[in-house]
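Spelled out, the chains give:
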Amino acid sequence: MATGWICHERYFWHDTGSGPLGAPAGGYLEPLRHPDHPDTKRRFRNLVEVSGLLDALVPLKPRPATRDELLRVHTEAHVTRMRELSEAGGGDAGDGESPFGPGSYDIAALAAGGVITAVDAVLSGTVSHAYALVRPPGHHAVPDRGIGFCMFGNIAVAAEHARSRGLSRIAVVDWDVHHGNGTQTIFEADPGVLAISLHQDGLFPEASGGVAERGTGPGEGFTVNIPLPAGSGAGAYLEAFDRVVEPAVRAFEPELVFVASGFDASAFDPLARMALNSAAYRALTSRVLSLGAPVIAAHEGGYSPEYVPFCGLAVVETLAGVRTPVTDPFLDALLTIPGQELAPHQREAVARAAAALDLEAVRPRP
Ligand SMILES: [Zn+2]
């Protein structure tokens, strides 16, 4: 089982500035660093190397997405604006919380292109699965602007690339703690993409990702939202996989599964209030692999520089079928905090998402 690995030093040069927790520094807010700073991802990359896991992976060199490839999911105005701001020294992707510095157009194109590279490697049979450690993230970006630290919809661009190569059924499982609103918006009327998002209920974007958002027109039923209460841990996530994610994906019978792989549902994340640990991410990855389709995980959020590396390592180890000697130094402590077992209110939240599922709608037409 060869597993591809995509990363590039350029990803760490995307400069998000000095706005603490995503708010612009200034006035009484002392500059520190933006939450999407390079260290969370760089330390993940470094742990993959020092653990020895890198030696078991197939390194894949990312290439930039072309303008035409970005235009498959984004408006001309957005792509042009990102390029012009980037060339002028930087700007904001669209919501005032997503700053970037000089050259970030090229870095964001390399992020989307990194996921395209993974698609090509899977379709050519070079690898069975792949992890794309790309930056900036992508799942919040909508056709005409960037949102939530995202510039371009990396997975959406790569999904369109996969379709240009002949695939017609693609699933996205988004376990980033925030709603995958961008992927949803891009494919909401599209029955070729099953977009599933698990997220902390009511977190970000505002009023986004409720169970009633099920897709539109011919895409009705192909958008699946699983808003989970704050405090959810492995028990709630596994219940969501049992009752919603796995039935939906199995009914849809995808040729390829993307995972929008954020680690901001970890117990240490400063931007959310969930309780996952590395063992939970390992279990979720096994569940996705058990669905039988090739898996391409593309990195999204995750803002604990201490803990993202151990969660990420668990995911890549599982994709590769390799166990390194690394033990998560925080796991024992996290296994004892409250919220690991499924709680009744979490079971009810999952049941509401399950009730909104229409498995017949997503099955392939004979
Ligand atoms: Zn996130």
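In what follows, the structure referred to is the one given above.
None of these values were measured; they are calculated from a predicted model. (Residues numbered from 1 in each chain as written. Predicted model: local features only at pLDDT ≥ 70, side-chain atom pairs only at ≥ 80, totals over all residues. Heavy atoms only, no water.)

This paragraph deals with the coordination of the zinc ion. Around the zinc ion, the donor atoms from the protein are Asp176 (OD), Asp176 (OD), His178 (ND1) and Asp264 (OD), and they sit 2.0 to 2.6 Å away. Viewed at the metal, the four donor atoms of the zinc ion are separated by angles of 55 to 156°, and the geometry they form is irregular. Sequence spacing among the residues donating to the zinc ion works out to D-x1-H-x85-D. Pair check on accessibility: Asp176 and His178 agree, each one buried. (Donors = N, O, S within 2.8 Å, 3.2 Å for Na, K, Ca; no water. Tetrahedral: all angles 85-135°; square planar, octahedral: opposite > 155°, others 65-115°. Buried < 20%, exposed > 50% of the residue type's maximum accessible area, 1.4 Å probe, protein only.)

Among the structural elements, His199 can be located in strand E7 (residues 193–200). Within the structure, His199 has its side chain in polar contact with the backbone oxygen of Gly209 (distance 2.8 Å). What His199 contacts, discounting residues up to four positions off in sequence, is Asp176, Val177, His178, His179, Ser208, Gly209, Asn225, Ile226, Pro227, Leu228 and Met274. (Helix = DSSP H or I, 4+ residues; strand = E, 2+ residues; numbered from the N terminus. Polar contact = N/O pair within 3.5 Å; in protein donor to acceptor, adjacent residues only side chain to side chain. Contact = heavy atoms within 4.5 Å.)

Another aspect to go through is the nonpolar core. Counting 106 residues, the largest nonpolar core has Tyr131, Trp175, Ile226 and Phe258 as its most contacted members. Among the elements that make up this core, the one with the highest residue count is helix H4 (residues 104–123) (12 residues). With residues up to four places along the chain from it excluded, the contact list for Phe258 reads Val115, Val119, Ile155, Ala158, Ala159, Ile170, Ala171, Val172, Val173 and Ile296. (Core = buried A, V, L, I, M, F, W, Y, C linked by side-chain atoms within 4.5 Å.)

A few words on the packing of aromatic side chains. Taken as a whole and assessed by the stated rule, the structure comprises 13 aromatic pairs. Ring plane angle 90° and centroid distance 5.7 Å describe the contact between Phe149 and Tyr303, whose orientation is recorded as edge-to-face. Separated by 154 residues along the polypeptide, Phe149 in the loop between strand E5 (129–132) and helix H5 (154–164) and Tyr303 in the loop between strand E10 (295–299) and helix H9 (308–320) bring together distant segments of the chain. Given a relative accessible area of 6%, Tyr303 falls into the buried group. The structure contains a cluster of three or more aromatic residues connected by ring pairs, namely Trp5, Phe44, Tyr131, Trp175, Phe263 and Tyr281. In this structure, Arg169 packs its charged tip against the face of Phe252, placed 4.2 Å from the ring centre. (Phe/Tyr/Trp six-rings, centres within 6.5 Å; stacked < 30°, edge-to-face > 60°. Lys NZ or Arg CZ within 6 Å of the ring centre and 35° of its normal.)

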